[in-house]
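Overview (structure and organization)
Residue-level listing of the chains:
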Amino acid sequence: QVQLVESGGGLVQPGGSLRLSCTASGSISNISGMYWYRQAPGKQRELLAGITSGGDTNVADSVKGRFTISRDNAKNTVYLQMNSLKSEDTAVYYCNANMRSNNVWKNYWGQGTQVTVSS
């Protein structure tokens, strides 16, 4: 069974940092783009950052300069380094990836990890 599992969320004070991880597992032969999204209560899901298999990145203007996306292809893992966190960063953070399994490309979502920024 192919799946994405996020970790690293939690409670952090304003100005603090967190690093989220998302690891793909299962019978995977290839992973192309990997992405991080978030969804705050009452708001639409927001695309934060994406990274290609070659390491090219794109980060949303709303978090540029504070969030960094990276990946370790050997570990099938994507990371989101979040610095200078603000209360408005409180949300459920989701990993998303395009992966090939059994010669079929599909888009997958993780289950989400809660990030709460509060003093």
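These lines cover the structure that appears in this document, whether it is placed above or below. Since we're looking at a predicted model, the values are computed, not measured.

On to the packing of aromatic side chains. On inspection of all chains with the given rule, the structure shows two aromatic pairs. Look at Tyr94 and Trp109: their rings are 6.4 Å apart centre to centre, the planes differ by 85°, and that puts the pair in the edge-to-face class. Of this pair, Tyr94 sits in strand 9 (residues 91–101) while Trp109 sits in strand 10 (residues 104–109), and the two are 15 residues apart along the sequence. Taken together through their ring pairs, the aromatic side chains of Tyr37, Tyr94 and Trp109 make up a single cluster. The lysine or arginine in question, Arg45, covers the ring of Tyr94, its NZ or CZ lying 3.8 Å from the ring centre.

A few words now on the sheet that holds strand 1 (residues 3–7). In space, the four strands of this open sheet follow the order 1-3-8-7, with antiparallel pairing throughout. In this open sheet, the two strands that pair with only one neighbour each are strand 1 and strand 7 (67–72). Sheet twist, expressed as the average angle between the axes of neighbouring strands with direction ignored, equals 15°.

Along the chain, Leu4 falls in strand 1. Leu4 sits in the buried class, given a relative accessible area of 3%.

With that settled, consider the pattern of salt bridges. Any two side chains of opposite charge can pair, given that their charged atoms come close. One pass over the structure, following the stated rule, counts four salt bridges. Arg38 serves as the salt-bridge partner of Asp89, at 2.8 Å between the closest nitrogen and oxygen. Highlighted residues: Asp89 in the loop between strand 8 (77–82) and strand 9 and Arg38 in strand 4 (residues 30–39), separated in sequence by 51 residues. Overall, the relative accessible area of 9% leaves Arg38 in the buried class. When the shortest N-O distance is used, the salt bridge between Lys64 and Asp61 registers 3.2 Å. With a relative accessible area of 66%, Asp61 lands in the exposed category. Here the residues in one salt-bridge network are Arg38, Glu46, Arg66 and Asp89, joined through shared partners.

The rules behind each value
- Residues numbered from 1 in each chain as written.
- Predicted model: local features only at pLDDT ≥ 70, side-chain atom pairs only at ≥ 80, totals over all residues.
- Heavy atoms only, no water.
- Phe/Tyr/Trp six-rings, centres within 6.5 Å; stacked < 30°, edge-to-face > 60°.
- Helix = DSSP H or I, 4+ residues; strand = E, 2+ residues; numbered from the N terminus.
- Lys NZ or Arg CZ within 6 Å of the ring centre and 35° of its normal.
- Pairing = 2+ DSSP bridges.
- Axes fitted to C-alpha atoms, helices over the stretch in contact; angles between N-to-C directions.
- Buried < 20%, exposed > 50% of the residue type's maximum accessible area, 1.4 Å probe, protein only.
- Salt bridge = Lys/Arg side-chain N within 4 Å of Asp/Glu carboxyl O.

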